[in-house]
Amino acid sequence: MGSKKDNQKNWIWWKHGTIYHIYPRSFFDSNNDGVGDINGIINQLPYLHELGIDAIWLSPVYASPQTDFGYDISDYYQIDPLFGDLNDFSKLVKKAHKLGIYIVMDMVLNHTSDQHPWFIESRSSANNPKRDWYIWKEANGNRRPNNWRNRFGGSGWEYDVTTNQYFYHSFLKEQPDLNWRNPEVKKALFKVMKFWLELGVDGFRLDVINFIVKDSKFRDDPPLLRQFFGAENVFTRNRPKSHKILASLRQLLNEYPDKVSIGEIYMLPPGNSQLAASYLGDGTNSLHLAFDFSLAFKRWNAKIYEQTIQNWMFAIPEKGWPCSVVSNHDLHRSYNRRYFRFFKESKARLEAILLLTLKGTPFIYYGQEIGMVNGRIPRKLIQDPLGKRFWPFYSGRDKARTPMQWDNSKYAGFSDAMPWLPVNPDYTIKNVEFQWQQPNSMLLLYQQLITLRRKHTALSMGEFRWIPTGVSGILAYERIYEKQRILVFLNFTPFSKSLSITGKKVLFSTHENSQPFINQKLLPFEGIILKPEKNSLK
Ligand code: NOJ
């Protein structure tokens, strides 16, 4: 595929480019049924191209009963009619490639839907050839086989009357876990991945990949509270065998040029950089990238951010590569998270600079680039099974999945029909069309930062080094590539901060009226990107 950076030696799209995460139900509805679809994504490719991103990761679009909105797959070889069909998907791949945009699919290997023919067979009798493709177990006396839980609340064991046994599910009972200890399972799923690779996709985001293997002795997990405080002997995830499987998955991907695997590493509590990085192996023999969600859960404080970033960089193996993520379809919108209570817009702008200037592949969740906020979903409109189950204590994940806001027409230009989730009321000002015109908008900020990152190799490919400023509340670092040096200063505070900056050219500032040379200070919440005329930071 022709890449924008073909002329840049060693430029690798999944390392040095920017990846945009689309939740297909909510991106753009081309057939006006209220649900986003693949043709909708095709329609918006010019937008994504203009924004400047290099790749799209699509949350699952495979055939599915949609009990967990596609994370419950009933046919790995088909596109769900809700989103289109295989032709539409191929068209998307081809059209995206023409624009130099790579396509990453979500791949759910830990579980299928209970409607998948494999599971239907598996549950039909205890001696069915597919029985062992899932995790079945006898009762323990008159109790469940052991204390393993599902991550959505309650026991992970579901009793099945046909054979008087239990099956294990890490998530909903409609999502039975596959048994990766059975080599047939591996064979079948590797075949699935080959199918999509042959069709032209550029890689996979691997759903809860650290869950795929469970303890062969079915030992009890520690109680949930202890797990939350970092208990190590958790028998339902991070089992040694999963690393072996990932090593062979890497080999499979190596058979094709330029592919990527990105692991979602689920953990309790969130933010164990070492654990996330352990899934990179030595950087060449396991996953290409792994998500560390630490930043999304940290307090807004320059020192804490510094430590968090430092931990993550430090954990990455020498030949490995980090990535940066603050938002996705399971979390709060980053704009709205707990620690952003005040000065949300300013913090979101600074965070955009951080994301796009750190060492590592940046991930942008759709709508983040226009500062989309958490939706407020009335109880009767809640769609997420988690929200339905735990309301009013937890309203679920719908809030981060509301329709993309394209313009100020009815339903924000997402659809002509009533969308599957309500549009956020702020869409009249927070929308793509408006923000393209509005100087200093979040959208232009993202676009400029992405462009800057592409233009200055140090920002995409360079090494990372902290700059000691001795000034509290400031995060300062530089990126270095050969002779190029780019410096970044982020003022995390609502106060002006004096900083002696001379001999540098401002490439970018969050503030239109920035005068760092004249005033020798950073304005409240100002973020600047500089290029030295010569090495002169005092
Ligand atoms: C993680 C996915 O991101 C989430 O949306 C899903 O519910 C679970 N895995 C189960 O597949």
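Data block above holds the structure.
Now for a description of the structure that goes with this document. (Residues numbered from 1 in each chain as written. Predicted model: local features only at pLDDT ≥ 70, side-chain atom pairs only at ≥ 80, totals over all residues. Heavy atoms only, no water.)

1. Details of the overall build of the protein chain
This is how it is decided: A run of H or I in DSSP becomes a helix once it reaches four residues, and a run of E becomes a strand once it reaches two; helices and strands are each numbered from the N terminus. Buried means the residue's accessible area, taken with a 1.4 Å probe over protein chains only, is under 20% of the maximum for its type, while exposed means over 50%, and partly exposed covers the values in between. Two residues qualify as a contact provided that any one of their heavy atoms is within 4.5 Å of a heavy atom in the partner residue. All tallies of charge rest on Lys and Arg as positive and Asp and Glu as negative; His and the ends of each chain are not included. Here the site of a charge means atom NZ of a Lys, CZ of an Arg, CG of an Asp or CD of a Glu.
Counting its secondary structure elements, the protein chain contains 16 helices and 20 strands. Each principal axis of the C-alpha distribution contributes one length, and for the protein chain these read about 80 × 50 × 50 Å. Every one of the 538 residues in the protein chain was classed for burial, and the buried ones make up 62%. Considering only contacts in the protein chain between residues 6 or more positions apart, those separated by 24 or more positions represent 68%. Taken as two groups, the 70 positive and 52 negative side-chain charges of the protein chain have centres that lie 7 Å from each other.

2. Here's the deal with the pattern of salt bridges
As a reminder, the rule being used: A side-chain nitrogen of Lys or Arg and a carboxyl oxygen of Asp or Glu constitute a salt bridge if their distance falls within 4 Å.
Overall, the coordinates contain 20 salt bridges when judged by the stated rule. For the salt bridge of Asp207 with Arg205, the shortest nitrogen-to-oxygen distance reads 2.8 Å. The pair formed by Asp207 and Arg205 is uniform in burial state, with each residue classed as buried. Residue Glu463 pairs with Lys359 through a salt bridge whose shortest N-O separation is 3.1 Å.

3. Comments concerning the nonpolar core
Formally: The definition of a nonpolar core used throughout is a set of buried Ala, Val, Leu, Ile, Met, Phe, Trp, Tyr and Cys residues joined through side-chain atoms within 4.5 Å.
Judged by nonpolar contacts, the single largest core of 146 residues is most densely connected at Tyr20 and Phe89. Looking at this core, the element that brings in the most residues is helix 6 (residues 183-199), giving eight residues. With 10 residues, the next largest nonpolar core counts Leu487, Phe489, Ile501 and Leu522 among its residues.

4. Digging into the packing of helix 11 (residues 344-357) against helix 14 (residues 442-455)
Quick note on the threshold: Geometry is summarised by axes, namely lines fitted to C-alpha atoms with helices restricted to the contacting stretch, and by angles between N-to-C directions that run from 0 to 180 degrees. Roughly parallel covers angles under 35 degrees, roughly antiparallel covers those over 145, roughly perpendicular covers 65 to 115, and oblique covers all other angles. Should the near helix be turned anticlockwise from the far one by less than a right angle, the crossing is termed left-handed; should it be turned clockwise, right-handed. Amino acids are sorted into nonpolar (Ala, Val, Leu, Ile, Met, Phe, Trp, Tyr, Cys and Pro), charged (Asp, Glu, Lys and Arg) and polar (every other residue, Gly among them).
Relative to each other, helix 11 and helix 14 sit at 15°, their axes nearing to 9 Å. If you check the angle between helix 11 and helix 14, you find them roughly parallel. In terms of crossing hand, the pair formed by helix 11 and helix 14 is right-handed. Only Met442, Leu445, Tyr446, Leu449, Ile450 and Arg453 of helix 14 make contact with helix 11, whose side of the interface consists of Glu345, Ala348, Arg349, Ala352, Ile353, Leu355 and Leu356. Here the residues of the contact of helix 11 with helix 14 sort into 10 nonpolar, no polar and three charged.

5. Some remarks on the sheet that holds strand 9 (residues 203-206)
Selection rule: Should DSSP find at least two bridges between two strands, the strands are regarded as paired.
The eight strands are arranged 11-10-9-5-2-1-13-12 in an open sheet whose pairing can be described as parallel. The two strands at the open ends of the sheet, each matched to only one other strand, are strand 11 (289-290) and strand 12 (323-324). Where strand 1 (residues 19-22) lies against strand 2 (residues 55-58), four bridges are found, and the strand directions are parallel. Across the sheet, residue Ile22 finds its bridge partner in strand 2, namely Leu58. Sitting on the sheet, helix 4 (residues 86-98) touches strand 2 and strand 5 (102-107), and the angle it makes with strand 5 is about 140°.

6. A closer look at the side chain of Ser324
The residue Ser324 is located in strand 12 in this model. If near-sequence neighbours (up to four positions away) are discounted, Ser324 is found in contact with Leu355, Leu358, Lys359, Gly360, Thr361, Pro362 and Phe363.

7. Digging into the packing of aromatic side chains
The geometry of two aromatic rings is summed up by the distance between their centres and the angle between their planes. Convention followed: Between the rings of Phe, Tyr and Trp (Trp by its six-membered ring), a pair exists once the centres lie within 6.5 Å; its type follows the angle of the planes, with under 30 degrees stacked, over 60 edge-to-face, and the other angles tilted. Charge-over-ring placement is defined geometrically: NZ (Lys) or CZ (Arg) within 6 Å of the ring centre, and within 35 degrees of the ring normal.
Going through the model one piece at a time under the given rule, you end up with 43 aromatic pairs. Both rings, one in Phe152 and one in Phe171, keep their centres 5.1 Å apart while their planes meet at 65°; by these two values the pair is edge-to-face. Pair noted here: Phe152 is in the loop between strand 6 (136-137) and strand 7 (157-160) and Phe171 is in the loop between strand 8 (165-168) and helix 6, with a separation of 19 residues, a long-range link. With respect to class, Phe152 is no different from Phe171; both count as buried. With 6.5 Å between their ring centres and 55° between their planes, Trp180 and Phe190 make a pair best called tilted. One end of the pair, Trp180, is in the loop between strand 8 and helix 6; the other, Phe190, is in helix 6, and 10 residues separate them in sequence. The burial state of Trp180 is the same as that of Phe190; both residues are buried. Pairwise contacts between aromatic rings join Tyr20, Phe27, Phe28, Tyr47, Tyr365, Tyr366, Trp406 and Trp436 into one cluster. We note Arg333 situated over the ring of Tyr366; from NZ or CZ to the ring centre the distance is 4.7 Å.

8. Here's the deal with the site of the ligand
Heads up, the condition is: Only heavy atoms are used to decide nearness, and a residue is near a molecule or strand if one of them lies within 4 Å of it. Any N or O atom pair separated by 3.5 Å or less is treated as a polar contact, with the protein-specific requirement of one donor-capable and one acceptor-capable atom, and with residues adjacent in sequence counted only for side-chain atom pairs. All accessible areas in this document rest on Shrake-Rupley with a 1.4 Å probe, and a residue is counted as covered only by the protein chains that are shown.
The environment of the ligand is formed by 14 residues, the closest being Asp68, Asp207, His329, Asp330 and Arg397. At 3.0 Å, a side-chain N or O of His111 approaches an oxygen atom of the ligand. Between Arg205 and the ligand, the recorded distance is 3.2 Å, taken from a side-chain N or O atom to an oxygen atom. Isolated, the ligand exposes 290 Å² of accessible area, and the fraction of that covered by the protein chains is 97%. The class makeup of the residues in the shell around the ligand is four nonpolar, three polar and seven charged.

9. Quick notes on the environment of Val108
Mapped onto the elements of the fold, Val108 is located in the loop between strand 5 and helix 5 (117-124). Under the relative-accessibility criterion, Val108 is labelled buried at 0%. Spatially, the C-alpha atoms of Val108 and Tyr76 are 9.2 Å apart, while their sequence positions differ by 32 residues.

10. Some points on helix 4
Note the threshold: Expected helix span is given by 1.5 Å per residue-to-residue step, counting one fewer step than there are residues.
For helix 4, built from 13 residues, the straight-helix expectation of 18 Å at 1.5 Å per residue is met to within 8% by its first-to-last C-alpha distance of 18 Å. Every buried residue belonging to helix 4 is among Asp88, Phe89, Ser90, Leu92, Val93, Ala96 and His97, and all of these are buried. Summarising the contacts, the buried residues of helix 4 are in contact with helix 2 (38-43), helix 3 (45-51), strand 2, strand 4 (75-79), strand 5 and helix 6. If you check the start of helix 4, you find a side-chain oxygen 3.1 Å away from the backbone N of Asn87, and it comes from Asp85. Of the residues trailing helix 4, Gly100 is marked for its positive phi of about 80°.

11. What to know about the sheet that holds strand 18 (residues 504-509)
If you trace the five strands from one edge of the open sheet to the other, you get 14-15-16-20-18, paired in antiparallel fashion. The open sheet has two free edges, formed respectively by strand 14 (463-466) and strand 18, since each of these has just one partner strand. Adjacent strand axes in the sheet meet at a mean angle of 25° when their direction is disregarded. Pairing analysis gives four bridges linking strand 14 to strand 15 (residues 474-481), with the strands arranged antiparallel. Its bridge partner being in strand 15, Phe464 is matched across the sheet by Arg479. Lying over the sheet, helix 11 contacts strand 15, strand 16 (484-491), strand 18 and strand 20 (527-532), oriented at roughly 155° with respect to strand 16.

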